[in-house]
Amino acid sequence: MAQSQRPRIGIIGTGAIGGFYGVMLARAGFDVHFLLRSEFAAVAEHGLTLNSAIHGTQHIQPVQAYQNAADMPRCDWLLVGAKTTSNSALAPAIIQAAADGAKVVLLQNGLAVEENLRPLLPASLHLLGGLCFICVHRAAAGVIEHQALGAVSLAYHSGPATDTAAQQVLLDTGVAMFKAAGLASTAMASIEQARWQKLVWNIPFNGLSVLLNADTTALLANADSHALIEALMHEVLQGAAACGYVVPEGFVGKMLVATQRMLDYLPSMAHDYRQQRPLELQAIYAEPLAAAARAGCEMPRVQALYQALAFLDAQNRS
């Protein structure tokens, strides 16, 4: 992607996900602007630091940082890295920061996140889903720790691009943008397919990391928790199939092997729980359970995990 063709990018929610991709894109020469709330003062003074096991230490100083979206220049691409629990509150900021015909990419976990945000956005904005396969967390204000992975799968959800060819052009542009930053990226035909596939990992590992207070290594090392993870994964596959999304054969095995090869990793939901932030239970559990139920499929293990997490979340935040 030539320098003159590179778009202006806005990061809505500069936490672990937004911070990682924003730093990588900025280091690749893109014009990146970061929206921050509580960490604005720290980042404005000290910059953003990415400590990556793959890409080394990357530091940006000064940072094009803003407390209010109204102060940002209008951006061609907006990468939403905040948790789904804040999406409705973020909609005005997205609208303020968006250039005409901007592409809004939800770098978020869960199901139906695009469907829930779409009514809050103008029809003139393109809405895409971005599935991040990455081990990353925020260590301190403006400091991001990256352990492994980093690939992004993009899919078009809705907006002015109504035909497949126009949607593919946008997807190809987004894929090229991430690849220019040294990150693997692919385009997917179905956002729902992509999100169900990500749930195969997210549902067991995020929830059990909270419920059992354990990282991925500990969860897989114990025979009982390993068996529960695998059972949950297959249950998610059944829910996906009932909704019409068949996951490639051997997918569970590949996910387990890939996770075993990772360093000790504490999923994002465990970090949220320890810091008494709201858990993403609606997008990661309630929406898939509801979709599967509408298709005539029950997921009893997922339901039990969701109910246990809902209790813990309520107690934790009270």
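First, a word on scope: everything that follows refers to the structure included in this document. Keep in mind that this is a model prediction, so the values were computed, not measured.

### Some remarks on the overall build of the protein
Looking only at helices and strands, one finds 12 helices and 10 strands in the protein. Against the compact-globule benchmark of 20 Å for 318 residues, the protein has a radius of gyration of 19 Å, which places it among compact chains. Each principal axis of the C-alpha atoms in the protein carries an extent, and together these give about 55 × 45 × 35 Å. Within the protein, residue pairs in contact and separated by at least 24 positions form 70% of the contacts whose partners lie at least 6 positions apart. The positive charge centre, built from 19 side chains, and the negative charge centre, built from 23, are 4 Å apart in the protein.

### Observations regarding unusual backbone geometry
In this model, Gln61 is joined to Pro62 through a cis peptide bond whose omega is 5°. Its location among the elements puts Pro62 in the loop between strand E4 (56-60) and strand E5 (65-66). A positive phi angle, near 55°, is found at Gln276, a position not held by glycine.

### Section: the nonpolar core
Trp196, Ile229, Met233, Met269, Tyr285 and Val302 are the most contacted members of the largest nonpolar core, which has 41 residues in total. When residues of this core are traced back to their parent elements, those giving at least two are helix H6 (191-211), helix H7 (216-221), helix H8 (223-242), helix H9 (251-261), helix H10 (268-274), helix H11 (281-294) and helix H12 (300-317). Beyond its immediate chain neighbours, meaning those up to four positions away, Ile229 contacts Pro204, Phe205, Leu208, Leu219, Leu220 and Leu256. Membership of the second largest hydrophobic core comes to 39 residues, among which are Met24, Val105, Val152 and Leu154.

### Concerning the side chain of Ser153
Tracing the chain through its elements places Ser153 in strand E9 (residues 143-158). Engagement of the side chain of Ser153 in a polar contact is seen with the side chain of Thr186, the distance being 3.3 Å. Not counting residues within four places of it along the chain, the set of residues in contact with Ser153 comprises Gly129, Gly130, Leu131, Phe133, Thr186 and Met188.

### Some points on the packing of aromatic side chains
Inspection of the entire model under this criterion finds 5 aromatic pairs. Both rings, one in Phe20 and one in Tyr21, keep their centres 4.8 Å apart while their planes meet at 85°; by these two values the pair is edge-to-face. Just as Phe20 is buried, Tyr21 falls in that class too. When the ring of Tyr21 is compared with that of Phe178, the centres are 5.8 Å apart and the planes differ by 85°; the resulting orientation is edge-to-face. Here Tyr21 is found in helix H1 (residues 16-27), whereas its partner Phe178 is found in helix H5 (residues 164-180), with 157 residues between them in sequence. For the pair shown, Tyr21 and Phe178 are each scored as buried. By way of ring pairs, the aromatic residues Phe20, Tyr21 and Phe178 are connected into one cluster. A cation sits over an aromatic face here: Lys198 above Phe133, 5.4 Å from the ring centre.

### Here we look at H8
With 20 residues, H8 should reach 28 Å at 1.5 Å per residue; the first-to-last C-alpha distance of 29 Å fits that figure. Restricting attention to buried positions, one finds in H8 the residues Ser225, His226, Ile229, Leu232, Met233, Glu235, Val236, Gly239 and Ala240. In this structure, the buried side of H8 is in contact with H6, H7, H9, H11 and H12. The backbone nitrogen of Asp224 lies 2.9 Å from a side-chain oxygen of the residue at the head of H8, namely Asn222. Among the residues trailing H8, Gly244 stands out with phi positive, at a value near 95°.

### Details of the environment of Ala194
With respect to the secondary-structure elements, Ala194 resides in helix H6. Classification of Ala194 as buried rests on a relative accessible area of 3%. Separated by 83 residues in the primary sequence, Ala194 and Leu111 place their C-alpha atoms 9.6 Å from one another. When near neighbours in sequence (up to four residues on either side) are disregarded, Ala194 contacts Leu131 and Met188.

Calculation notes
Residues numbered from 1 in each chain as written. Predicted model: local features only at pLDDT ≥ 70, side-chain atom pairs only at ≥ 80, totals over all residues. Heavy atoms only, no water. Helix = DSSP H or I, 4+ residues; strand = E, 2+ residues; numbered from the N terminus. Rg over C-alpha atoms; globule rule 2.2 N^0.38 Å. Contact = heavy atoms within 4.5 Å. Lys, Arg positive; Asp, Glu negative; His and termini not counted. Charge placed at Lys NZ, Arg CZ, Asp CG, Glu CD. Core = buried A, V, L, I, M, F, W, Y, C linked by side-chain atoms within 4.5 Å. Buried < 20%, exposed > 50% of the residue type's maximum accessible area, 1.4 Å probe, protein only. Polar contact = N/O pair within 3.5 Å; in protein donor to acceptor, adjacent residues only side chain to side chain. Phe/Tyr/Trp six-rings, centres within 6.5 Å; stacked < 30°, edge-to-face > 60°. Lys NZ or Arg CZ within 6 Å of the ring centre and 35° of its normal. Expected span 1.5 Å × (residues − 1).

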